[in-house]
Amino acid sequence: MGWSTEKTEADAPGDGPEPAAAAIPAQGAAPAAEPVRGGARPPEALSPSRAGDFMQCPLLYRFRVIDKLPEKPSPAATRGTVVHAVLERLFDAPAAERTASEARALVPVEWEKLLAKRPELAELFADDADGAQLGQWLTQAAELVDRWFTLEDPTRLEPADRELFVETVLDSGLKLRGFIDRVDVAPTGEVRLVDYKTGKAPRPQFAEGALFQMKFYALVVWRLRGVVPRRLQLVYLGSGEVLRYDPDERDLRGVERKLLALWEAIREATETGDWRPRPTKLCGWCDHQAHCPEFGGTPPVYPLPVRAAAADPGEGPGGAPGEMR
């Protein structure tokens, strides 16, 4: 669970560098919360990645969103970022020039651009004196790009948007935001949301979890444009598979209810400081073991004000359990 170059809240307008992608801004957003200690702020919005963090492990969410603990660069995540950039940039060329060879040629170019933006990525290949590791890594990225051409034909696609930043505020006040890899709009007006994954497709029993991100985006687009996307499409370059799903309003209302419940749990943890670890097999890849109680670590001092937990109405005098339930 290493460092990731995925675009998240930190890349959103008002929270960090202005993204290059076009944005559909939120309406009616609340003013940003004032920083407390060390620049820490209470969470202000929810993205698919951070929602996933909280569902996986609330303490991981705290480390990433509130404490903003650093994470080591990951070769796999960095390769994914390069591949995403290649697939985005390829559509700058006329349709006839969107060939596999042209896309492969973009791989080292996009790597150099990323390295210039994030010099710390050089440590990924610090011990690679002869460049063999970097060469193999770039080849693996090019192979993922090649596989994309077996799944989609870019000469027949004209995306309406690429790396689109979207943001909306629900009636409840919850702000949702994120980046959509590609938005296709048919001549009939039907919308398709596409996300590239450089890993392998999940087993069928885990497909619902994979689709959560896409349903999140579909909800945001629906609230912004008043149109339910016709299709959600996950393109898995690691295994050469495409997962498709056609949502409806009932689906998206269910996602909205889930997100509201999730945000309420995040708000409660923020106010009480009660961020509990949730041990899973993924803990072995977590960069924050030194700060995790499950590994004998101690979290940093909590930088936000803490509200005293409300007394349990079922407790009698002196804290003893009451007789009435």
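So, how was this worked out
- By convention here, each chain's residues receive numbers from 1 onward along its written sequence.
- Reporting in this predicted model follows two pLDDT cut-offs: at least 70 for local features of residues, and 80 or more for side-chain atom pairs to be given and counted; totals over whole chains, interfaces and linings ignore these cut-offs and use all residues.
- Only hydrogens and water are set aside; all other atoms, that is, all heavy atoms of the structure, feed into the side-chain values.
- Here a cavity is any set of points on a 1 Å grid over the protein atoms alone where a 1.4 Å probe fits but cannot get out, and a pocket is any open set with protein on both sides within 12 Å along at least 5 of 7 lines; a residue lines the site when it has an atom within 4 Å of a point.
- Grid points are joined across faces, edges and corners, and a volume is the space filled by probe spheres set on the points.
- A run of H or I in DSSP counts as a helix once it spans at least four residues, and a run of E counts as a strand once it spans at least two, with each numbered from the N terminus.
- By the convention adopted, Pro, Cys, Tyr, Trp, Phe, Met, Ile, Leu, Val and Ala count as nonpolar, Lys, Arg, Asp and Glu as charged, and the other residues, Gly among them, as polar.
- By convention a nonpolar core is built from buried Ala, Val, Leu, Ile, Met, Phe, Trp, Tyr and Cys residues, the set being connected through side-chain atoms within 4.5 Å.
- With a 1.4 Å probe rolled over the protein chains alone, any residue whose accessible area is under 20% of its type maximum counts as buried; one over 50% counts as exposed, and the rest are partly exposed.
- Any two residues whose heavy atoms approach within 4.5 Å are treated as being in contact.
- By definition here, a helix of n residues has an expected span of 1.5 Å times n minus one.
- Think of it this way: the bend at a residue is just the angle between two axes, each fitted to seven residues, one set ending at that residue and the other starting at it.
- DSSP-based pairing: two strands are paired if at least 2 bridges between them are found.
- Handedness is read with the strands pointing away from the viewer; a crossover is right-handed when the path from the first strand over the helix to the second is clockwise.
- Angular values range over 0 to 180 degrees, each being the angle between N-to-C directions of two axes fitted as lines to C-alpha atoms, with helices fitted over their stretch in contact.
- Roughly parallel here means an angle under 35 degrees, roughly antiparallel means over 145, roughly perpendicular means 65 to 115, and every remaining angle is called oblique.
- In this scheme the crossing of two helices becomes right-handed for a clockwise turn of the near helix relative to the far one and left-handed for an anticlockwise turn of less than a right angle.

**Student:** Account for empty space enclosed by the protein, with residues named and values stated.
**Tutor:** The tally for this structure, following the rule as stated, stands at one cavity of 30 Å³ or more. Approximately 130 Å³ is the volume found for the largest cavity. Together, 17 residues line the largest cavity, and Cys 57, Leu 60, Cys 283, Cys 286 and Cys 292 are the ones closest to its centre. A total of three residues in the lining of the largest cavity trace back to one element, the largest contributor, which is helix α2 (residues 58–66). Each residue belonging to the lining of the largest cavity can be placed in one class, and the counts come to eleven nonpolar, four polar and two charged.

**Student:** Which residues make up the nonpolar core, and what values do they have?
**Tutor:** Within the largest apolar cluster, 47 residues are counted, with the highest numbers of intra-cluster contacts made by Leu 46, Leu 176, Leu 193, Leu 259, Ile 266 and Trp 275. Of all the elements in the fold, those that place two or more residues in this core are α1 (48–56), α2, β2 (161–169), β3 (175–185), β4 (191–197), α6 (207–225), β5 (231–236) and α7 (249–272). In terms of residue count, the dominant contributor to this core is α6 (eleven residues). Excluding its chain neighbours within four sequence positions, the residues that come into contact with Leu 176 are Leu 46, Val 166, Glu 167, Thr 168, Leu 170, Phe 216, Leu 219, Val 220 and Leu 259. Core analysis: the next-biggest nonpolar cluster, separate from the first, contains 25 residues, Val 83, Val 145, Trp 148 and Val 235 among them.

**Student:** Summarise helix α4 (residues 100–117); cite the residues concerned and give the values.
**Tutor:** If you check α4, its first and last C-alpha atoms are 26 Å apart, about what 18 residues at 1.5 Å a residue would give, namely 26 Å. For α4, the principal kink sits at Val 107 and spans about 30°; a proline, Pro 108, occurs within the next four residues. The inward-facing, buried residues of α4 contact α3 (75–89) and α5 (132–148).

**Student:** Tell me about the pairing of β4, and name the residues and values.
**Tutor:** Counting buried positions along β4 gives five out of seven residues, so the element sits mostly inside the fold. Bridge count for β3 against β4 is four bridges, and the pairing is antiparallel. Bridge pairing in β4 places Arg 182 opposite Val 194. Linking β3 to β4, which pair antiparallel, is a turn of five residues; within it Gly 189 sits at a positive phi near 95°. Handedness of the β4-α6-β5 crossover: right-handed.

**Student:** Please provide a residue-by-residue account of unusual backbone geometry, values included.
**Tutor:** One non-glycine residue, Lys 68, lies in positive phi territory at about 50°. The exposed category is assigned to Lys 68, whose relative accessible area is 59%. The residue Glu 163 is not glycine, and still its phi comes out positive at about 45°. Along the chain, the position of Glu 163 falls in strand β2.

**Student:** Tell me about the packing of α3 against α4, residues and numbers included.
**Tutor:** For the pair α3 and α4, interaxial distance at closest approach is 9 Å and the crossing angle is 120°. Accordingly, the angle class assigned to the pair α3 and α4 is oblique. The handedness of the crossing between α3 and α4 comes out as right-handed. Where α3 approaches α4, its residues Thr 78, Thr 81, Val 82, Ala 85, Val 86 and Arg 89 are matched on the opposing element by Ala 103, Leu 106, Val 107, Glu 110, Trp 111, Lys 113 and Leu 114. Taken together, the residues of the contact of α3 with α4 break down into eight nonpolar, two polar and three charged.

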